[in-house]
Amino acid sequence: MDIDLMMRVYPFFLEAAWTTILLSVLTALLGLACGALGAAARLSRFTSLRLLGATYVSIFRGTPALIQLFILYFGGPQVGIQLDAFEAGVIGLGINAGAYMTETIRGAIISIDKGQREAARTLGLSQFQAFYKVILPQAARLMVRPLGVNLNMLIKATALVAAISVVELTYTAQRYIGSTYKPFEMFLLAGVLYMIIIYATGRGVSWLDRKVRIT
Amino acid sequence: MTESNDFVQIRHAQKSFGTLEVLKDISLNVARGQIVAIIGPSGSGKSTLLRAINDLDALTGGEVWLDGVQVNKKLPHRQYEKHINEMRQQIGMVFQHFNLFPHMTARENVTMAPKMLKGLTAEEADALAEEQLDKVGMLERIDYYPSQLSGGQKQRVAIARALAMKPKLMLFDEATSALDPELVGEVNQVMKKLAEEHMTMIIVTHEMDFAASVCDRVLFMDQGVVVEEGPPEQVFGNPQKDRTRAFLRKELDETE
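Rules used in this analysis
Residues numbered from 1 in each chain as written. Chains lettered and ligands numbered in written order. Predicted model: local features only at pLDDT ≥ 70, side-chain atom pairs only at ≥ 80, totals over all residues. Heavy atoms only, no water. Buried < 20%, exposed > 50% of the residue type's maximum accessible area, 1.4 Å probe, protein only. Helix = DSSP H or I, 4+ residues; strand = E, 2+ residues; numbered from the N terminus. Pairing = 2+ DSSP bridges. Right-handed = clockwise from strand over helix to strand, strands pointing away. Core = buried A, V, L, I, M, F, W, Y, C linked by side-chain atoms within 4.5 Å. Contact = heavy atoms within 4.5 Å. Buried area = accessible area lost by both parts, 1.4 Å probe. Salt bridge = Lys/Arg side-chain N within 4 Å of Asp/Glu carboxyl O. Polar contact = N/O pair within 3.5 Å; in protein donor to acceptor, adjacent residues only side chain to side chain. Nonpolar A, V, L, I, M, F, W, Y, C, P; charged D, E, K, R; others polar. UniProt positions renumbered as here; feature names shortened; annotations may be inferred. pLDDT = per-residue confidence, 0-100.

## What to know about the pairing of strand β8 (residues 200-204) of chain B
All names here are of chain B.
- Most of β8 is tucked away: five of the five residues are buried.
- Burial along β8 is two-sided: T200, I202 and V204 facing one way and M201 and I203 facing the other are all buried.
- Pairing between strand β7 (residues 169-173) and β8: five bridges, direction parallel. Residue pairing across strands places F172 opposite I203, the latter belonging to β8.
- Handedness of the crossover is the feature at issue here: the chain leaves β7, passes through helix α6 (residues 181-196), returns alongside β8, and the resulting connection is right-handed.

## Thoughts on the nonpolar core
- In terms of nonpolar packing, the biggest core is built from 76 residues, with F13(A) and I202(B) touching the most fellow members.
- Here the element with the most residues in this core is helix α6 (residues 127-157) of chain A; it accounts for 10 residues.
- If near-sequence neighbours (up to four positions away) are discounted, I202(B) is found in contact with V8(B), V30(B), V36(B), I38(B), L50(B), I53(B), L169(B), M170(B), L171(B) and F172(B).
- With 47 residues, the next largest nonpolar core counts I159(B), L194(B), M201(B) and V218(B) among its residues.

## Thoughts on the interface of chain A and chain B
- Taken together, the contacts link 22 residues of chain A with 27 residues of chain B.
- Of the roughly 2000 Å² buried where chain A meets chain B, counting both sides, 60% is carbon and sulfur surface.
- Among the residues of chain A in contact with chain B, R121(A), T122(A) and L123(A) are the three that bury the most area, contributing 31% of the side total.
- Here E81(B) and R121(A) are joined by a salt bridge, their closest N and O atoms 2.8 Å apart.
- Linking chain A with chain B are six residue pairs in polar contact (both at pLDDT 80 or more), by the criterion used here.
- Here the residues of the side of chain A that touches chain B sort into seven nonpolar, nine polar and six charged.

## Observations concerning the UniProt feature "domain: ABC transmembrane type-1" (unreviewed entry) in chain A
- Under the feature "domain: ABC transmembrane type-1" (unreviewed entry), the UniProt entry names residues 17-205 of chain A.
- Each end of residues 17-205 of chain A is marked by a C-alpha atom, and these two atoms are 20 Å apart; helix forms 81% of the span and strand 0%.

## Focus: the sheet that holds strand β1 (residues 8-17) of chain B
- Within the open sheet, the four strands sit side by side as β2-β1-β4-β5 (chain B). Their pairing is antiparallel. This sheet does not close on itself; its edge strands, each paired only once, are β2 (20-30) and β5 (69-70) of chain B.

## Topic: the pairing of β1(B)
Residue and element names in this part refer to chain B.
- Examined bridge by bridge, β1 and β2 share seven bridges and lie antiparallel to one another. Among the inter-strand pairings, A13 is bridged to a residue of β2, identified as I26.
- What sits between β1 and β2 in their antiparallel hairpin is a turn of two residues, with G18 showing a positive phi close to 60°.
- Of the strand pairs in this sheet, β1 and strand β4 (residues 61-66) are connected by five bridges, and their pairing is antiparallel. Across the sheet, the residue bridging to V8 is L66, located in β4.

## Quick word on the confidence of the model for chain B
All names here are of chain B.
- Per-residue pLDDT for chain B has a mean of 91; in total, 97% of the residues score no lower than 70.
- Looking across chain B, the model is least confident in helix α9 (residues 242-255), with a mean pLDDT of 83, and most confident in strand β6 (residues 91-94), with 96.
- We note a pTM of 0.87 for the whole complex and an ipTM of 0.91 for its interfaces.

So, in structure tokens, the structure goes:
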């Protein structure tokens, strides 16, 4: 193993890791927004919205994320959607992650005992007030861990955007393999950096989960 | 304001789930300050009837009136929501499984709705929480979370939470059924105290002794109808119907 080479290219990988982190953060935020909207649709009292939410989830969970990225980035211009690679990556992965988060958020909300809603409504709270004051604060606590799993998956999924030439960790590794012919060292370096990012995120999620847990 | 005998009126209440009829034309009047117990086997419709009073379970037919106002008025969705929220503020309800909000302390459980719906200030809300929790003997646990309380303590906080809205009517849906036997007494005591203050109460219960000692009237329900009703001395001491006798015999056997 060429440790010297790894030490030499390491700063460039670190820079690429920042791109991966930025990509992950933006994707997570977009995913969360899509997930919240998707869950609201799935739980709506209107059949058409429930159907819309269910369709969103089955399309984006039912096809490979890579295909979704390719359609958006390579197919987009054909139907008038012009995005640079980074934008396409964030939007594509964000919408994809949102489909998974829809189910996470919905699951947490429906797991709250119906007696909670009944008690709130009985006191005279409206549907919205009961949701906002009683259901959501409890559901949000239950969401932390499963959303952490979604986050873990999403960070790893950012590697896919190398295929549409976003210069992040995986793409950087491939580029240096082209000039050094050392795939073992280059992929190993990328893998270690991914692991550090994911480990730190996991610790953060655990910390948050402990912090918000009801005594 | 209506005649006191008509404080709560249930007129021809009917409810079905598909072809299953759980309430068959039930009418009931409760006077202001009266305490009515509803007894009967499980599946008799007694909880459904109670939950129809504040429209947690909507009736298929019939009307519910409280103090001269129809609770289950026919209104467009939005108007109905506003109306029912106002009506529910006047009807306190206590559940078998307490349904305390686990993410709030006893104080917050009690003050959340009054703060939100009646615009109480923080000081007013605190005074209210202290007053209501003191009434149910839970003042020293005011900043405890539900998970730190016993079943009986939880139920007393739940009663305080309902009382904090200053309801005209209190509904108890098997309030002691989920409690360990040794914790039933403390909840019954709170309910007795409310009775002494002439709170109008409708109580679904399995506890015949409690119904006999506290209530003015007892309704025996079976298969969606009121089989027999009257003062407790009559229903328990000299039941007129075979079904009532059979039910009471079975209940007594089980408690022995």
